[in-house]
Amino acid sequence: MTARRLFYIIDGHALAYRHHFAMFSRPFMTSAGEVTSAVFGFTRTIMDILEREKPYYFAVAFDDGLSGRDVLYSDYKGTREKMPDELAQQITRIMTMVQAFNIPILMIPGWEADDVMGTIAVQAEAQGVDPRLITGDRDLLQLLTEHTTVRLAIPKPNTPDETYDVAKFRAEYGLEPAQLIDLKALEGDTSDNIPGVAGVGRKTATTLLQTYGTLEAIYDNIALIKGALQTKLINGRESAFLSQDLARIRRDAAITVDLEACVAHNFDKRAVETLFRELEFNSLFNQLSRIEARPASEQMSLFDMAEDEAPLEPGAEIVPTTIVQDEAALAELVATLATASAIAFDTETTDIDQMRATLVGISLAVTPDHGYYIPVGHDEGDQLPLARVIDALRPAMTDPNIPKYAHNADYDLIVLQRYGIDVTPITFDTMIAEFLRGMPDANLGLKRLARAELNIRMTEISELIGTGKNQKAMNTVSIAHAAPYAAADAAITLQLVAPLRAKLTQGADDPQVDPLWGTENPPAPLDLLEQLEMPLIPVLASMERAGVLLDTEALATMSVTLGTMLKRLEDEIHDLTGGYGSFNINSPKQLNDVLFGKLGIDSKGLRKTTHGFSTAADVLENLRGQHPIIEKILEYREITKLKGTYVDALPALVHPETGRVHTSYHQAGASTGRLSSSNPNLQNIPIRTEIGREVRRAFIAPDGYQLLSVDYSQVELRIMAHVSREPTLLTAFEQGQDIHAATAAIIYGIALDQVTKTERNFAKRVNFGILYGMGAFRLMRDSDLTLAQADEFIKTYFARLPRVKVYLDQAKQIARERGYLTTLFGRRRFFPGLQHGNVNSRQSAEREAINMPIQGTAADIIKRAMIDLYAELAQRNLGARMLLQVHDELVLEVPEDRLAETSALVVDVMENACVLAAPLRANAQAGINWRDVE
């Protein structure tokens with residue numbers, strides 16, 4: 001017996017609604033401000049179906065009328081809200097995307113999509129095809145048959161899809177699918193404003209249909225129905241049969257299905273990729289590459305695909321590649337490198353950890369249309385001795401007159417440094433260049449960037465080494481397959497330099513004054529790249545290679561202590577449940593049962609999840625004071641995180657050769673320009689609690705050394721004073737006053753020496769809160785004030801420091817007008833969310849806009865200080881080296897006998913990294929461990 005082919009038919013408007021509302025609170029937007037949430041979700045659903053379910057036929061139906069139901073009943077769908085403007089604007093985009101996938105659009109003027117789908121389903125079944133209907137409307141359940149199923153995609157966040165067949169419908173409704181029409185005729189349908197019979201609900205309607213079978217039979221036997229129900233049915237007879245007509249999906253729409261035109265998978269990937277680039281759907285490119293087109297012999301495409309645009313095979317050449325496997329080829333390469341105007345480089349290794357990775361191969365390019373690959377660590381194949389290759393490459397790769405280019409240069413630099421080549425000068429990193437454009441969804445991956453900028457589809461690493469359990473190491477890949485992949489990485493990097501450099505200089509030649517900072521001819525992003533980010537790469541590489549010494553015994557002791565504390569807290573939490581007893585504190589569902597069920601804590605306004613109400617940290621913070629269990633749970637979570645993330649995890653990260661922990665720093669991590677770190681993340685160790693500070697105690701100096709910690713004093717407030725030119729703040733900083741006490745004195749209208757500790761702390765909270773766009777509601781939540789008092793306090797703050805308010809308003813206005821803001825050093829960030837119709841999204845973007853110039857400038861300042869300090873330490877030969885950077889703090893390892901000299905140097909360099917109207921100040925502390933520096 002021949003298997004029946006599947007025909008997937010999507011209710012276009014229903015699916016668009018689902019994805020629009022699923023991401024309504026945090027919508028997807030392009031850098032130009034176009035909302036794309038529904039388009040993105042719709043596209044991903046199409047691709048999921050194509051990739052995983054592999055339908056033979058595929059179509060999408062859209063509404064274009066009400067199929068005459070509005071003539072039958074003028075109030076049909078009269079209670080349904082108008083489609084939101086932001087969704088309506090996306091429907092055209094969705095249709096364009098559907099067409100790009102070569103999926104037929106089923107739409108008839110005057111008809112609802114339900115009726116189109118019903119008509120097509122009947123025709124498809126008659127041709128031996130099984131329809132799979134995807135909708136958000138339960139009305140389509142009436143179409144269920146042995147061969148037709150319905151997947152309900154309900155347009156509510158966190159609501160999973162449900163697939164119905166006849167058996168599931170019978171189990172849930174107690175009826176046959178065709179009886180759904182009469183069920184709605186009796187009970188009505190508020191979503192479509194179908195009236196039904198007044199006073200008849202679901203239970204009664206179901207019983208009647210189980211007894212009599214159809215609406216007609218019910219009225220044929222009306223005499224057998226007694227009492228009030230009979231009266232309701234008699235009075236509602238006309239409404240019942242009207243509702244039956246309204247609820248019945250028509251199967252006679254003027255459309256005939258052409259199955260051959262609905263063959264799936266048959267589309268031009270170039271057309272889809274063009275849309276992806278326009279809509280900035282960069283995360284979908286990889287999935288697109290996994291969707292295979294059907295053979296042309298089976299069904300011609302609606303688009304003609306050129307032979308040279310066929311999907312790449314693993315190891316396919318993007319650029320001509322020379323594999324360097326003998327002395328003659330190496331000599332030729334060395335000669336080429338010696339006369340190169342620039343060299344792009346990349347490495348292939350066995351690990352993403354640059355301190356543990358084994359070198360497998362080196363790829364190089366000196367022209368954009370050719371690449372070289374030197375295998376040095378493959379399991380099989382002809383390869384030159386590694387030492388010979390390193391010696392041969394070193395002269396050109398360290399020539400100060402030949403610029404070097406890379407993508408994520410920090411990684412490759414450290415790998416090559418470990419093997420004996422200190423690549424210099426690195427003048428262009430394509431990943432960082434893309435990041436400095438300031439777009440919210442930057443194409444940081446080389447493959448994505450090549451697609452976006454060059455329209456080149458590169459081979460993915462997964463095509464070579466696989467994924468998951470089947471993933472293999474790069475050294476096991478044959479040289480023949482690895483070479484074209486690796487060479488392309490270098491050559492494409494070289495190709496990207498020119499277009500990215502052009503984008504980073506756009507508008508730089510136009511005389512201008514930065515409206516926020518007031519500086520003439522402000523720096524362009526290219527200046528930031530060349531003067532700050534590129535010189536920082538060798539600094540970070542040095543810090544990452546240095547690592548930091550760890551007291552593993554202290555951590556082992558701390559682990560036991562924290563384990564005891566967690567057990568005690570667990571018992572206390574269980575005792576506070578009011579008799580609920582033991583439960584899994586880490587289970588959101590069980591925590592819901594305890595907090596909002598057993599204990600009855602107010603859940604009003606809390607966001608919903610699949611497990612009930614959210615129990616995230618920010619939610620629980622807002623619930624503080626409602627019940628003692630909340631504080632205990634928060635404490636339990638903090639200790640659990642500390643124990644798992646740091647205390648237990650750090651010892652396992654100690655490098656077996658160096659005996660140190662080596663974090664990785666990322667220049668393209670935080671949108672404001674701050675460095676981020678990973679493996680381990682040393683920038684998120686909490687220091688506001690004694691337990692959190694105790695973790696820092698495990699970071700120690702070796703014998704004869706001390707750790708020197710130098711951090712900026714209130715750098716962000718100094719930048720605020722500089723950019724706002726608020727005289728009160730400038731005076732306080734100039735006179736060396738305690739800025740928070742000075743602010744409190746101004747706000748409360750009292751003398752500086754009369755400010756209490758409570759008043760100072762409150763002013764401190766407001767000072768820093770203002771930098772992050774804090775409003776009255778947030779101040780009320782974080783204090784004992786009422787909303788009115790908090791609002792009055794902020795008004796007083798701005799009245800006494802009016803230039804701060806001018807800055808906040810100016811930052812938002814400039815961001816709206818030109819789309820982006822800059823730091824003092826020229827770093828840009830775009831804010832498309834400022835144009836969003838959703839007030840929460842817009843306010844979030846406003847807070848980000850207020851903060852970015854301040855925090856971003858602080859990040860740029862400490863980067864400048866790190867570059868300058870690195871040079872000074874090398875020149876003075878003090879034996880000191882930088883180990884860590886945590887936002888406004890630098891940590892160095894310093895010989896005890898050079899501590900005073902080094903401390904003075906670091907403070908001087910940091911304080912002179914930038915000239916501000918409120919001068920920079922840095923504080924130095926030293927000690928044998930990171931916690932006890934003083």
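None of these values were measured; they are calculated from a predicted model.

**Considering the overall build of the chain**
Scanning the chain from terminus to terminus reveals 35 helices and 25 strands. Along the first, second and third principal axes, the C-alpha atoms of the chain reach 105 × 80 × 60 Å. Burial analysis of the chain (934 residues in total) assigns 52% to the buried set. A separation threshold of at least 6 residues defines the contact pool for the chain, and within that pool the share at least 24 residues apart is 69%. The average position of the 92 basic charges and that of the 125 acidic charges among the side chains of the chain differ by 6 Å.

**Quick look at the side chain of Gln 417**
Examined against the element boundaries, Gln 417 turns out to sit in helix 16 (residues 409-418). The residues contacting Gln 417, other than those within four sequence positions of it, are Asp 422, Ala 541 and Arg 545.

**Focus: the sheet that holds strand 9 (residues 359-367)**
The strand order across the open sheet built from six strands is 7-10-9-8-11-12, with neighbouring strands paired in mixed fashion. Each edge of the open sheet carries a strand with a single partner, namely strand 7 (321-323) and strand 12 (426-429). Between one strand axis and the next, the sheet turns by 25° as a mean value, whatever way the strands run. Relative to strand 10 (residues 370-375), strand 9 is paired through five bridges, and the arrangement is antiparallel. Within the sheet, the bridge partner assigned to Ser 363 lies in strand 10 and is Tyr 373.

**Observations regarding the nonpolar core**
Nonpolar side chains tend to gather and get buried jointly when the protein is soluble and globular. Counting 192 residues, the largest nonpolar core has Leu 364, Leu 393 and Tyr 712 as its most contacted members. Broken down by element, the residue count for this core peaks at 13 residues, all from helix 34 (residues 839-876). Discounting chain neighbours no more than four positions away, the residues touching Tyr 712 are Ile 861, Ile 862, Ala 865, Asp 888, Met 910, Glu 911, Ala 913, Leu 920, Arg 921 and Ala 922. Core analysis: the next-biggest nonpolar cluster, separate from the first, contains 50 residues, Ala 59, Val 116, Leu 233 and Ala 240 among them.

**Description of the packing of helix 32 (residues 787-800) against helix 33 (residues 802-818)**
At a minimum axis distance of 4 Å, the contact between helix 32 and helix 33 shows a crossing angle of 105°. With respect to helix 33, the axis of helix 32 lies roughly perpendicular. In this structure, helix 32 contributes Tyr 797, Phe 798, Ala 799 and Arg 800 to the contact, and helix 33 contributes Pro 802, Val 804, Lys 805 and Leu 808. Classifying every residue of the contact of helix 32 with helix 33 gives six nonpolar, no polar and two charged.

**A closer look at helix 15 (residues 386-397)**
Over its twelve residues, helix 15 runs 16 Å from end to end, which matches the ideal 16 Å to within 8%, given 1.5 Å per residue. Considered for burial, the residues of helix 15 that qualify are Val 389, Ile 390, Ala 392, Leu 393, Ala 396 and Met 397. Where helix 15 is buried, its residues touch helix 14 (327-338), strand 8 (343-349), strand 9, strand 10 and strand 11 (404-406).

**Observations regarding the packing of helix 27 (residues 715-724) against helix 33**
Here helix 27 crosses helix 33 at 85°, and the two axes come no closer than 9 Å. With respect to helix 33, the element helix 27 is oriented roughly perpendicular. Here Met 720, Val 723 and Ser 724 of helix 27 lie close against helix 33, whose contacting residues are Arg 803, Val 804, Tyr 807 and Leu 808. In terms of residue class, the contact of helix 27 with helix 33 is made up of five nonpolar, one polar and one charged.

**Regarding the sheet that holds strand 20 (residues 705-712)**
Spatial strand order, 23-24-20-25: four strands in an open sheet with antiparallel pairing. At either end of the open sheet lies a strand with only one pairing partner, and these are strand 23 (881-886) and strand 25 (922-927). Adjacent strand axes in the sheet meet at a mean angle of 25°, parallel and antiparallel pairs treated alike. The strands that helix 35 (residues 899-911) touches are strand 20, strand 24 (889-895) and strand 25; relative to strand 20, the one it contacts most, it runs at about 20°.

**Description of the environment of Leu 364**
One can find Leu 364 in strand 9. On the basis of relative accessibility, which here comes to 1%, the residue Leu 364 falls in the buried class. C-alpha of Leu 364 to C-alpha of Ile 343: the two residues are 21 residues apart in sequence and 6.8 Å apart in space. In contact with Leu 364, not counting residues within four places along its chain, are Leu 333, Leu 337, Ile 343, Ala 344, Phe 345, Gly 371, Tyr 372, Ile 374, Leu 393, Met 397 and Ala 490.

**Observations regarding helix 7 (residues 180-187)**
Counting buried residues along helix 7, seven of its eight residues qualify, which places the element largely inside the surrounding structure. Among all positions of helix 7, only Leu 180, Ile 181, Asp 182, Leu 183, Lys 184, Ala 185 and Leu 186 are buried. Phi turns positive one or two residues past the end of helix 7, at Gly 188, with a value near 80°.

**Here we look at the side chain of Arg 674**
Inspection of the secondary structure assignment puts Arg 674 in the loop between strand 17 (664-666) and strand 18 (676-678). On the accessibility criterion, Arg 674 (18% relative accessible area) is buried. Discounting residues that sit within four places of it in the chain, Arg 674 has contacts with His 666, Glu 716, Gln 855, Ala 859 and His 887.

**Quick word on the packing of aromatic side chains**
Evaluation of the coordinates by the stated rule reveals 16 aromatic pairs. On the numbers, 5.2 Å between centres and 85° between planes, the contact of Phe 40 with Phe 281 is edge-to-face. Here the residue Phe 40 occupies a position in helix 2 (residues 37-53), and Phe 281 occupies one in the loop between helix 12 (269-279) and helix 13 (285-290), the gap between them amounting to 241 residues. Take Phe 40: its relative accessible area is 5%, and that puts it in the buried class. Arranged with centres 5.1 Å apart and planes meeting at 45°, the rings of Tyr 820 and Phe 830 form a pair that is tilted. One end of the pair, Tyr 820, is in strand 21 (residues 820-822); the other, Phe 830, is in strand 22 (residues 828-830), with ten residues separating them in the sequence.

**A short note on the pairing of strand 9**
For strand 9, a buried count of eight out of nine residues is recorded, marking the element as mostly surrounded by other parts of the structure. Here six bridges tie strand 8 to strand 9, and the two strands are oriented antiparallel to one another. By the bridge assignment, Thr 349 is partnered in strand 9 with Leu 359. Here strand 9 folds back onto strand 10, and the loop between the two strands holds two residues.

**With respect to unusual backbone geometry**
Here the residue pair Thr 424 and Pro 425 is connected by a cis peptide bond, since its omega of -10° sits within 30 degrees of zero. Unlike most non-glycine residues, Lys 54 shows phi in positive territory, near 45°. Position of Lys 54 relative to the elements: it lies in the loop between helix 2 and strand 2 (57-61). By relative accessible area, Lys 54 is classed as exposed at 54%. Unlike most non-glycine residues, Asn 102 shows phi in positive territory, near 60°. In this fold, Asn 102 is placed in the loop between helix 4 (85-100) and strand 3 (105-106).

**Side note on the pairing of strand 24**
The buried fraction of strand 24 amounts to seven of the seven residues, a majority that puts the element mostly inside the structure. Taking every second residue as pointing to the same face, both faces of strand 24 are buried, with Glu 889, Val 891, Glu 893 and Pro 895 on one and Leu 890, Leu 892 and Val 894 on the other. Summarising the sheet, strand 20 and strand 24 pair through seven bridges and their orientation is antiparallel. For Val 710, the partnering residue across the bridge sits in strand 24 and is Leu 890. Once strand 23 ends, the chain turns through two residues before running back antiparallel as strand 24, passing His 887 with a positive phi of about 60°.

**Some words on the confidence of the model for the chain**
When the pLDDT values of the chain are averaged, the result is 86; 91% of them are 70 or greater. Low pLDDT, under 50, characterises residues 294-314; the stretch is placed with 41 contacts to residues that sit more than four places away or in other chains.

**Here we look at the environment of Trp 517**
Positionally, Trp 517 belongs in the loop between helix 20 (479-504) and helix 21 (525-546). With 473 residues separating them along the chain, Trp 517 and Arg 44 place their C-alpha atoms 42 Å apart. When residues no more than four places from it in sequence are discounted, the contact partners of Trp 517 are Ile 719, His 722, Val 723, Thr 822, Thr 823, Leu 824, Pro 853 and Thr 857.

**Considering the environment of Ala 483**
In this fold, Ala 483 is placed in helix 20. Relative accessible area serves as the criterion here: at 0%, Ala 483 is assigned to the buried category. Apart from residues no more than four positions distant in its own chain, Ala 483 is found in contact with Thr 321, Ile 323 and Tyr 373.

What counts, and where the lines are drawn
- Residues numbered from 1 in each chain as written.
- Predicted model: local features only at pLDDT ≥ 70, side-chain atom pairs only at ≥ 80, totals over all residues.
- Heavy atoms only, no water.
- Helix = DSSP H or I, 4+ residues; strand = E, 2+ residues; numbered from the N terminus.
- Buried < 20%, exposed > 50% of the residue type's maximum accessible area, 1.4 Å probe, protein only.
- Contact = heavy atoms within 4.5 Å.
- Lys, Arg positive; Asp, Glu negative; His and termini not counted.
- Charge placed at Lys NZ, Arg CZ, Asp CG, Glu CD.
- Pairing = 2+ DSSP bridges.
- Axes fitted to C-alpha atoms, helices over the stretch in contact; angles between N-to-C directions.
- Core = buried A, V, L, I, M, F, W, Y, C linked by side-chain atoms within 4.5 Å.
- Parallel < 35°, antiparallel > 145°, perpendicular 65-115°, else oblique.
- Nonpolar A, V, L, I, M, F, W, Y, C, P; charged D, E, K, R; others polar.
- Expected span 1.5 Å × (residues − 1).
- Phe/Tyr/Trp six-rings, centres within 6.5 Å; stacked < 30°, edge-to-face > 60°.
- pLDDT = per-residue confidence, 0-100.

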